[in-house]
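Coordinates in review
Given next are the chains, with one letter for each unit.
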Amino acid sequence: MNQAEILEWLQEVQHPAKGDQSVVVLGMVESIELADNAVHVTLAFPKRPDPLKSYLVGAVQACLYRHAPGGTEISVDTVVKDPSKPAPKGIQFNLEQLREVSHIIGIASGKGGVGKSTVAVNLAVALARLGYKVGLADADVYGPSIPTMTGTEGVTIEMYGEDENDNLFVPVEKYGVKWLSVGHVSGAGQALIWRGPMASTALKQIILQTLWGPLDFLLIDMPPGTGDIHISLIGDIPLTGAVIVTTPQEVALADVLRGVNMFRNPQVDKTIYGLIENMAWFTPEAHPEEKYYLFGKDGGAKMAKDLDIPLLGQIPLVQGIREGADAGEPVALGSRPDSLAFLDLAQKLASAVNG
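A brief structural summary. (Residues numbered from 1 in each chain as written. Predicted model: local features only at pLDDT ≥ 70, side-chain atom pairs only at ≥ 80, totals over all residues. Heavy atoms only, no water.)

**Some words on the overall build of the chain**
Going by this rule: Helix and strand assignments come from DSSP, with helices taken as H or I runs of at least 4 residues and strands as E runs of at least 2, each series counted from the N terminus. Exposure classes here rest on a 1.4 Å probe applied to the protein chains alone. A residue is buried below 20% of its type maximum, exposed above 50%, and partly exposed in between. Here, two residues are considered to be in contact whenever any of their heavy atoms come within 4.5 Å of each other.
For the chain, the count of helices and strands is 11 helices and 15 strands. Relative to its full complement of 355 residues, the chain shows a buried share of 52%. Residue pairs at least 24 apart in sequence account for 74% of intrachain contacts in the chain once pairs closer than 6 positions are excluded.

In structure tokens:
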């Protein structure tokens, strides 16, 4: 058990008088304490009496008994919170585990289906091949694909720390990169039906409660889109900047524009290091010199120029990239033209970040 799993379970416990919102969404989960074969949850209630207090305590206990391993000692406590002095909702985090990380780069896209996670994985591997210390946090909570792409599905995530209440995730190390994904924590094939606050809490835990150690780059594979989860994540994680992944079609410009505007918003104000044009052209495996512009030619270059951001690289659509992702062997490990495209991309990003 870990806090993310328990929060997911408690999403089932809804407050009948609050529009059936869960105790997690309502910020009532004050703390979760874990010890050997024991879990203790504290619920926060306002000063005014809540007639459903006993019901909610019992519902939380029943929920924990349903999901926790047999023999787990379960207890639920309550505290009173003064609404005039509101406390931050949910579990509190600090930035201590990012102290030795030099650059935190968000890998973003305006929408799904552009190959963002594939680019993120291969970019991480390419940076490691260039000699940098690299980690990747898979924050794509609704479609965590990093375990599959890195061949780390089913790996048991170890925990570090003498205090059971302050345990840290130990990332998986492979291909010279430290990896941690929501998929590593939730398990393969497990549906993650989370509302915004729940998803944000899980993502912060993946990033802020992980023993990353010294890193030159921590890449964050962000969820697609530009919703509340992104704003919450950007607000709490000290991003150095971001790159945006797109495909060449002209219709993708609106999605790219939304992503650019999100990072350029005065309340966010993060550097955009550039645009990555994925699936820039199709190249048959047997004829690497041939290029077929299935989605239009130089669409990413035009977008970058129109939005006044650098074009960091153009990644071809090659069968080997997909096969490598499915096999858990990123194509950036090799020496083919598509592999070298990721190495060139990594070099340009490192140069842009380091000035």
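**Focus: the sheet that holds strand β7 (residues 134-138)**
Which entries qualify depends on this criterion: At least two DSSP bridges between two strands are required for those strands to pair. Angles shown run from 0 to 180 degrees and are taken between the N-to-C directions of axes, each axis being a line fitted to C-alpha atoms and, for helices, limited to the stretch in contact.
Here eight strands make up an open sheet; going across it, the order is β10-β11-β7-β12-β6-β13-β14-β15 and the pairing mixed. Single-partner strands in this sheet number two, and they are β10 (172-174) and β15 (311-317). Across the sheet, the mean angle from the axis of one strand to that of its neighbour is 25°, orientation sign disregarded. With five bridges joining them, β7 and strand β11 (residues 177-181) adopt parallel strand pairing. Bridge assignment links Leu136 to a residue of β11, and that residue is Trp179.

**Regarding the sheet that holds strand β3 (residues 29-35)**
Overall, mixed pairing links the three strands, which are arranged β3-β4-β5 in an open sheet. Edge strands, defined here as strands with exactly one partner in the open sheet, are β3 and β5 (73-81). Across the sheet, the mean angle from the axis of one strand to that of its neighbour is 15°, orientation sign disregarded. Along the sheet face, helix α1 (residues 3-10) touches β3 and β4 (38-46) and points at about 130° away from the line of β3.

**Focus on helix α3 (residues 116-129)**
The criterion, for reference: Multiplying one less than the number of residues by 1.5 Å gives the expected span of a helix.
For α3, spanning 14 residues, the distance from its first C-alpha to its last is 20 Å, which sits close to the expected 20 Å at 1.5 Å a residue. Across the 14 residues that make up α3, a large majority, 13, are buried. Gly131 lies just past α3 and shows a positive phi near 100°.

**Points about the environment of Leu95**
Looking at where Leu95 falls in the secondary structure, it is placed in the loop between β5 and β6 (101-108). Taking the relative accessible area as the measure of exposure, Leu95 reaches 42% and is therefore partly exposed. Along the backbone, Leu95 and Pro238 are 143 residues apart, and their C-alpha atoms lie at a distance of 8.5 Å. Contact partners of Leu95, with chain neighbours within four places excluded, come to Leu208, Asp236 and Pro238.

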